[in-house]
Amino acid sequence: MSNANIMKNLLSLFKLVFKNNKTYLIISFFFIISSAVLPFINIIYFKYLFDAISFHYSFSYIIKITIYMLIVYLITTNVQIYTKSATTLHSKWLLIPMTSMFCKKSIEMDYQFTEDQSVIQEMDRAKYVLANGDNLEMYLDAVNGLFISIIQFAIIAFLANVVNPFIIVLILAVSIINTVISSKIRKKNYQIHRESLPVDYKWRYIIKLATDIKYAKEVRLFGLKNFISHKGDKNREEYLSLVKIINKNEKKGFLATIGTSIVQEIVVLIILVYMVIFKNLTIGNFNVLMNVTRQFTESFKKFFECFLNLYTINNYLNDFFLFLNRKSQLRETGNLKIELEDKPGKIEFKDVSFHYPNDPRLIIKNINLTIEPGECLVIVGENGAGKTTLIKLLMRLYDVTSGSILYNGKNIKEYDYDSYMKILSTVFQDYIMFSTSIYENITFKEWLENDYDVKFLLEQNQLIEKVESLPYKEQTILTRRFEDDGIELSGGQSQRIAFCRAMYRKSPTLILDEPSASLSPIAENEMYVQFSKIIRNKTSIFISHRLSSSSISDKICVLDDGEIVEYGTHNELMGIDGIYKNMYQLQSQYYKEVVSPA
Ligand SMILES: Nc1ncnc2c1ncn2[C@@H]1O[C@H](COP(=O)(O)OP(=O)(O)OP(=O)(O)O)[C@@H](O)[C@H]1O
């Protein structure tokens, strides 16, 4: 870690403090001054006291300097105690803007990075600063400590006429040796700690497997108790073997520095005793000299300790700022605003090919497709044909490998990212229900009494009866993760909430990936009847395995192994002996078998 990095991170942190918590700076100033001068009050007092006794000053003079000393001591101690606890508290406050910056960056980060192991690990290390707030406290404490030591050096330099130069050289040498030992140990341990983070991350995943409701069914069904606990045992063994190395390194370093410090104490004592016996050093001056020397050692120790803390924690802070400064390629392209955001636009795929960043296989191959404004397109195809991937490209979760996607004639990269995202509403197969109220799950807004849009959507999606029957209606919390009176919805009900969420955005383009996957055939039919009303004046794209969706489609596109193999209206595709006709006939036969009475 270079010094430039330390300075850069310090500056970044200082800017953050200055922007978010100026009070911290004022409190720190008083903390630094009071802590720096506190040890010298006694030293200076005893110097004056011994002088007064040696030179037979009046008793009232001694009382006077004693009272001054007590007043100064009391004020300084109080200031130091108050500001110490205040700086600790205010450094915790700093976690608020830092957490918010971190979350914002994580969300704005290019989607493809969420699958990149090196970025995931960088994010984990950055998270470490937030999850272990003590690190930030220690870092800021170290910065204050450095200032305290520097002021103390200045005071000591002022009093230096009484310090033997040999002692200074000795203290300097011992402090430097101890610093080198400690910094080597810390560097080694930081590397080991870095190695331990992914292990710890896996451990949290294992705990989640055992406790998270998401996995509860699978875990019980397949009797995964031993499987999970075995994984947990192995993981902890791996983690503890790393902690053992860290402890061993620390022990070695501790023993080495204690050894050098003992040698230093003995040599200083020998020199001062020699000066008392052979150089007429008075006991009073011996006392002052001993105290200043000890303070000198203390200040040096503190200085290097703070520097080492700063250096070590800087590694974590560096990861934090590195992550924060990570560029988002997808976001930082165009800045064109979309005009008429509520009107559907023309979407064109031109020679689009794509492979995932971690896999060279082409998943989308030379696609040419036009979706006219207000058209309803159904994309069908076997599992793995590339249907979801095509939608991910349209949603700018990934950039095309070659070719281009146009919206109203302009490459989607030219648009401002947020402006472009506003025109799309998507429900993916793996939509998420958040552990918050039904209302917030749909709107992502604070509760608004009588939000008729939400009521209308609940009604349209046949959820109103269910929601009205709940004790807190739209304010009922989904999932029981945080609330005892939270509710669990069925797959189909959750999917309808996800539809409401997509429709609430009122975007001119609606994309639904497998909208009927969790619905019964009757519900599926009702859904398409509802959809035909909702999608009026919107462009809609459905990915569907169930071909009943064709009843509301204008065009159907059949994907096979990343290529468009058939394209046209339902009637056109039924006219050719292809994949679509085959699939349709198979499915309608199945429906007949299921529905017709035996
Ligand atoms: N993040 C990823 N990294 C690498 N390959 C991926 C990734 N996501 C999907 N793929 C691969 O891309 C191919 C197409 O996947 P996609 O999800 O687009 O298919 P699909 O047609 O939507 O399938 P399904 O009907 O099963 O949902 C698959 O072979 C899949 O393994």
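Above this text sits the structure in question.
Overview of the structure. Here the structure is a predicted model, which means the values were calculated and not measured.

Examining the packing of aromatic side chains
Consideration 1: Counting across every chain of the model gives 29 aromatic pairs.
Consideration 2: On the basis of an interplanar angle of 35 degrees and a centroid distance of 6.5 Å, the ring pair of Phe307 and Tyr311 is categorised as tilted. Separated by 4 residues within a single helix, Phe307 and Tyr311 lie in helix α10 (residues 283-324), roughly one turn from each other.
Consideration 3: Residue Phe307 is classed as partly exposed on the basis of its relative accessible area, which comes to 31%.
Consideration 4: On the basis of relative accessible area, Tyr311 is assigned to the buried category, the value being 15%.
Consideration 5: By the ring-pair criterion, three or more aromatic residues cluster together here, those being Phe153, Phe296, Phe300, Phe303 and Phe304.
Consideration 6: Looking at Arg236, its charged tip hangs above the ring of Trp203, at a distance of 3.8 Å from the centre.
Consideration 7: Stacked on the ring of Phe113, the Lys or Arg Arg326 has its end atom at 4.9 Å from the ring centre.

What about the sheet that holds strand β10 (residues 563-568)?
Consideration 1: Strand order across the open sheet formed by 6 strands is β6-β7-β8-β3-β9-β10, with mixed pairing between neighbours. Where the open sheet ends on each side, the last strands, each with one partner, are β6 (424-427) and β10. Direction aside, the axes of adjacent strands within the sheet are offset by 15 degrees on average.
Consideration 2: Pairing analysis gives 4 bridges linking strand β3 (residues 376-381) to strand β8 (residues 539-543), with the strands arranged parallel. Paired with Cys376 across the bridge in β8 is Ser540.
Consideration 3: Strand contacts of helix α16 (residues 491-504): β6 and β7 (509-513), with the helix running at about 175 degrees to β6, the strand carrying the most contacts.

Thoughts on the sheet that holds strand β5 (residues 410-411)
Consideration 1: Strand order in the open sheet formed by 4 strands is β2-β1-β4-β5, and the pairing between neighbours is antiparallel. A strand with exactly one partner marks an edge of an open sheet, and here the two such strands are β2 (364-371) and β5.
Consideration 2: Across 5 bridges, the pairing between strand β1 (residues 347-354) and strand β4 (residues 402-407) is antiparallel. The partner of Ile347 across the bridge, within β4, is Tyr407.
Consideration 3: Each of β1, β2 and β4 touches helix α11 (residues 387-394); the most contacted strand, β1, lies at about 115 degrees to it.

A word on a positive patch on the surface
Consideration 1: A surface patch of like charges, here positive, comprises Lys184, Lys188, Lys244, Lys248, Lys251 and Lys252.
Consideration 2: Only α7 (165-211) and α9 (225-278) provide two or more residues apiece to the positive patch.
Consideration 3: For the positive patch, the element with the highest residue contribution is α9, accounting for 4 residues.
Consideration 4: Its place among the elements puts Lys184 in helix α7.

Let's talk about the nonpolar core
Consideration 1: Residues Ile442, Leu458, Phe531 and Phe542 are the most contacted members of the largest nonpolar core, which totals 41 residues.
Consideration 2: Counting residues per element, this core draws most heavily on α16, at 7 residues.
Consideration 3: Split by domain, the residues of this core number at least three in each of domain 2 (347-430 + 509-595) and domain 3 (434-488).
Consideration 4: Filtering out sequence-adjacent residues up to four positions away, Leu458 remains in contact with Ile442, Leu463, Ile464, Val467, Glu474 and Cys500.

Overview of the pattern of salt bridges
Consideration 1: A full pass over the atoms with the stated rule returns 16 salt bridges.
Consideration 2: Ionic pairing is found between Lys350 and Glu348, a salt bridge with its closest N-O pair at 3.7 Å.
Consideration 3: Look at Lys350 and you get partly exposed, because its relative accessible area is 38%.
Consideration 4: In this structure, Asp577 engages Lys581 in a salt bridge whose closest nitrogen and oxygen atoms are separated by 3.7 Å.

Observations concerning the packing of helix α14 (residues 452-460) against α16
Consideration 1: In contact at an axis separation of 10 Å, α14 and α16 are set at 135 degrees when each is read in the N-to-C sense. As far as their axial angle goes, α16 and α14 are oblique. In this structure, the crossing between α14 and α16 has a hand that is right-handed. Contact residues: α14 offers Asp453, Val454, Leu457 and Leu458, while α16 offers Cys500, Met503 and Tyr504.
Consideration 2: Counted by class, the contact of α14 with α16 contains 6 nonpolar, no polar and 1 charged residues.

As for the site of the ligand
Consideration 1: Taken together, 16 residues lie near the ligand, and Glu115, Gly384, Lys387, Thr388 and Thr389 sit nearest.
Consideration 2: Between the ligand and Tyr356 there is a distance of 3.4 Å, counted from a nitrogen atom to a side-chain nitrogen or oxygen.
Consideration 3: Lys387 places a side-chain nitrogen or oxygen 2.8 Å from an oxygen atom of the ligand.
Consideration 4: For the ligand, whose free accessible area comes to 640 Å², the fraction covered by protein is 73%.
Consideration 5: For the shell around the ligand, a count of residues per class yields 4 nonpolar, 8 polar and 4 charged.

Description of the side chain of Asn249
Consideration 1: Structurally, the position occupied by Asn249 is in helix α9.
Consideration 2: A polar contact of 3.0 Å, which involves the side chain of Asn249, links it to the side chain of Asn189.
Consideration 3: Not counting the four nearest positions on each side in its chain, Asn249 is found in contact with Ile185, Lys188, Asn189 and Ile192.

Some words on α16
Consideration 1: The terminal C-alpha atoms of α16 lie 20 Å apart, and with 14 residues this matches the ideal 20 Å at 1.5 Å per residue to within 8%.
Consideration 2: α16 sits mainly inside the fold: 12 of its 14 residues count as buried.
Consideration 3: When we look at burial in α16, the residues that qualify are Gly492, Ser494, Gln495, Arg496, Ile497, Ala498, Phe499, Cys500, Arg501, Ala502, Met503 and Tyr504.
Consideration 4: With its phi angle positive at about 55 degrees, Lys506 sits one or two positions after the end of α16.

Points about the side chain of Asp513
Consideration 1: Take Asp513: it is sitting in strand β7.
Consideration 2: Here Asp513 sits buried without a salt bridge, and the closest side chain of opposite charge, Lys387, lies 7.0 Å off (N-O distance).
Consideration 3: One polar contact links Asp513 to Thr388, side chain to side chain, over a distance of 2.9 Å.
Consideration 4: Discounting chain neighbours no more than four positions away, the residues touching Asp513 are Thr388, Val427, Phe428, Gln429 and Ile543.

Parameters and conventions
Residues numbered from 1 in each chain as written. Predicted model: local features only at pLDDT ≥ 70, side-chain atom pairs only at ≥ 80, totals over all residues. Heavy atoms only, no water. Phe/Tyr/Trp six-rings, centres within 6.5 Å; stacked < 30°, edge-to-face > 60°. Helix = DSSP H or I, 4+ residues; strand = E, 2+ residues; numbered from the N terminus. Buried < 20%, exposed > 50% of the residue type's maximum accessible area, 1.4 Å probe, protein only. Lys NZ or Arg CZ within 6 Å of the ring centre and 35° of its normal. Pairing = 2+ DSSP bridges. Axes fitted to C-alpha atoms, helices over the stretch in contact; angles between N-to-C directions. Contact = heavy atoms within 4.5 Å. Patch = residues over 30% accessible without salt bridge, like charges linked within 9 Å, V, L, I, M, F, W, Y side chains within 5 Å. Areas by Shrake-Rupley, 256 points an atom, 1.4 Å probe, with all protein chains shown as cover. Salt bridge = Lys/Arg side-chain N within 4 Å of Asp/Glu carboxyl O. Lys, Arg positive; Asp, Glu negative; His and termini not counted. Charge placed at Lys NZ, Arg CZ, Asp CG, Glu CD. Core = buried A, V, L, I, M, F, W, Y, C linked by side-chain atoms within 4.5 Å. Domains from an automatic or database assignment. Parallel < 35°, antiparallel > 145°, perpendicular 65-115°, else oblique. Left-handed = near helix turned anticlockwise from the far one by under 90°. Nonpolar A, V, L, I, M, F, W, Y, C, P; charged D, E, K, R; others polar. Near = heavy atom within 4 Å. Polar contact = N/O pair within 3.5 Å; in protein donor to acceptor, adjacent residues only side chain to side chain. Expected span 1.5 Å × (residues − 1).

Limitation: the analysis is restricted to geometry and does not speak to function.
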